[in-house]
Amino acid sequence: MRITPRLSIVVIGRNEGARLARCLDSITMMRPTLGGREVIYVDSGSTDRSVARAAGRGARVIELQTGKPNAAKARNAGWRAARG
């Protein structure tokens, strides 16, 4: 049985590096919410280790396959994937 989280946190980015790691670590340190939470990282074509950093910190990763990075597309992909 899969539990539906109560809170979904969507983080978008491209080549965020250490800043992404700090962001995800900060989210992890938040007090747990009743019903749980999920973290979704939407990547817009990073060429650094952003995807691996996010996955290594437990985020569900969505990699956009678009020719031109676009924050709106990333946000939309994130909220569509959110279950909370």
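Residues numbered from 1 in each chain as written. Predicted model: local features only at pLDDT ≥ 70, side-chain atom pairs only at ≥ 80, totals over all residues. Heavy atoms only, no water.

Chemist: Looking at this structure, I do not really get helix α3 (residues 71-81). What am I missing?
Modeler: Listing the buried residues of α3 in full gives A74, A77, G78 and A81. Viewed along the axis of α3, the buried residues span an arc of 100°, placing them on a single side of the element. Of the residues in α3, the exposed ones pointing more than 90 degrees away from the buried face are W79 and R80. Buried positions along α3 lie against β1 (7-13), β2 (37-43) and β3 (60-63). Its side-chain oxygen at 2.8 Å from the backbone nitrogen of A72, N70 defines the N-terminal cap of α3. (Buried < 20%, exposed > 50% of the residue type's maximum accessible area, 1.4 Å probe, protein only. Helix = DSSP H or I, 4+ residues; strand = E, 2+ residues; numbered from the N terminus. Arc of directions from axis to C-beta. Contact = heavy atoms within 4.5 Å. Polar contact = N/O pair within 3.5 Å; in protein donor to acceptor, adjacent residues only side chain to side chain.)

Chemist: Explain the pattern of salt bridges here, please?
Modeler: Pairing between side chains of opposite charge can happen when the charged atoms of each approach one another. According to the stated counting rule, one finds four salt bridges in the structure shown. Close ionic contact of E16 with R19 constitutes a salt bridge, the shortest N to O distance being 2.5 Å. Among the ionic contacts, a cluster of salt bridges with common partners joins E38, R60 and R83. (Salt bridge = Lys/Arg side-chain N within 4 Å of Asp/Glu carboxyl O.)

Chemist: Whenever I open this one, the pairing of β2 confuses me. Can you help?
Modeler: Here is the key point about a regular strand: its side chains alternate between the two faces of the sheet. Burial of β2 is extensive: six of the seven residues sit out of reach of the surface. Pairing of β1 with β2, which is carried by seven bridges, proceeds in the parallel orientation. Bridged to V11 within β2 is Y41. Pairing of β2 with β3 involves four bridges; the strand directions are parallel. Paired with I40 across the strands is R60, a residue of β3. Since β2 and β3 lie parallel, the crossover through helix α2 (residues 50-56) that links them has a hand, and here it is right-handed. (Pairing = 2+ DSSP bridges. Right-handed = clockwise from strand over helix to strand, strands pointing away.)

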